Amino acid sequence: MVQVLLISFLHLFHPFYVSVTEITQNPKTKTVQVSVRVFFDDFEKALDHKYKAKLNILKPLDRKKVDLLIADYLQKHLQIRANQKPLPLKYIGYEIEEDAAWCYFETEKLETIKNFDIRNDILFDEHDSQSNMVHVTLNGQRKSTKLDNPKAEARLTF
């Protein structure tokens, strides 16, 4: 009994590393909108390690520089293919909500989409236990997958 309580107690203090990516095709514009939610403190550390730049996402001294680094990092660690064709992601910006950064992207207009191939290794270099949740909504149908480090790829077919 004591062992079970000790394990439960230690589990409470074990860090939890997760990001959430939402991919949705706007039915009116036919563009694909992508949002990535990541804990901003972990994200700042990853950006610092990759770019050797001490950043403050909450109160950036140079917002353009922060935007450039965020866009570059996420475009390298999140690749999406629709119908086996690369989907170029145009960075829109980011905002802070509680302890997380929401980063936004959009694509050009796409007609019929049958599948998405997703490669998402966001923060895998930072945390061995990183998990990246991916939710895709297309024509009112929602599918989800979870990518646990080192598994970084999934295909969702509609």
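Worth saying up front: this structure is predicted, and the values here are computed from it rather than measured.

Participant: Go over the sheet that holds strand β2 (residues 31-39), please, and point to the residues and values.
Facilitator: With respect to topology, six strands assemble into an open sheet ordered β5-β6-β2-β1-β8-β9, the strand pairing being mixed. Two strands in the sheet have a free side with no partner beyond their single neighbour: β5 (90-97) and β9 (141-148). Sheet twist, expressed as the average angle between the axes of neighbouring strands with direction ignored, equals 15°. Lying over the sheet, helix α3 (residues 63-77) contacts β2, β5 and β6 (100-109), oriented at roughly 110° with respect to β5.

Participant: So what's going on with the environment of S35? Residues and values would help.
Facilitator: With respect to the helices and strands, S35 occurs in strand β2. Non-local contacts of S35, meaning those with residues more than four positions away in its chain, are made with V20, T21, E22, W102, C103 and Y104.

Participant: Give me the pairing of strand β1 (residues 18-25): which residues, what numbers.
Facilitator: Of all eight residues in β1, six are buried; the element is thus mostly enclosed. As paired elements, β1 and strand β8 (residues 131-138) share seven bridges and run parallel to each other. In the sheet register, V18 faces β8, and the bridge partner there is S131. Sheet topology places β1 next to β2; seven bridges connect them, and they run antiparallel. For Q25, the partnering residue across the bridge sits in β2 and is V32. With antiparallel pairing between neighbouring strands as the criterion, β1 and β2 make up a hairpin whose turn holds five residues, including K30 at a positive phi of roughly 65°.

Participant: Would you mind going over the pairing of β8 in detail, with residue names and values included?
Facilitator: Within β8, seven of the eight residues are buried, leaving the element largely enclosed by the surrounding structure. With eight bridges connecting them, β8 and β9 associate as antiparallel partners. Paired with M133 across the bridge in β9 is K146. Counting the residues in the hairpin turn of β8 and β9 gives two residues, including N139, whose phi is positive at 50°.

Participant: I'd like a rundown of the packing of aromatic side chains, residues and numbers included.
Facilitator: All chains considered together, the criterion is met by three aromatic pairs. With a centroid separation of 5.7 Å and 70° between ring planes, the pair formed by F43 and Y73 is classed as edge-to-face. Residue F43 is located in helix α2 (residues 40-51), and its partner Y73 is located in helix α3; the two are separated by 30 residues in the primary sequence. Owing to a relative accessible area of 0%, F43 belongs among the buried residues under this scheme. What makes Y73 buried here is its relative accessible area of 3%. The lysine or arginine in question, R37, covers the ring of F39, its NZ or CZ lying 5.2 Å from the ring centre.

Quick notes on the rules
Residues numbered from 1 in each chain as written. Predicted model: local features only at pLDDT ≥ 70, side-chain atom pairs only at ≥ 80, totals over all residues. Heavy atoms only, no water. Pairing = 2+ DSSP bridges. Helix = DSSP H or I, 4+ residues; strand = E, 2+ residues; numbered from the N terminus. Axes fitted to C-alpha atoms, helices over the stretch in contact; angles between N-to-C directions. Contact = heavy atoms within 4.5 Å. Buried < 20%, exposed > 50% of the residue type's maximum accessible area, 1.4 Å probe, protein only. Phe/Tyr/Trp six-rings, centres within 6.5 Å; stacked < 30°, edge-to-face > 60°. Lys NZ or Arg CZ within 6 Å of the ring centre and 35° of its normal.

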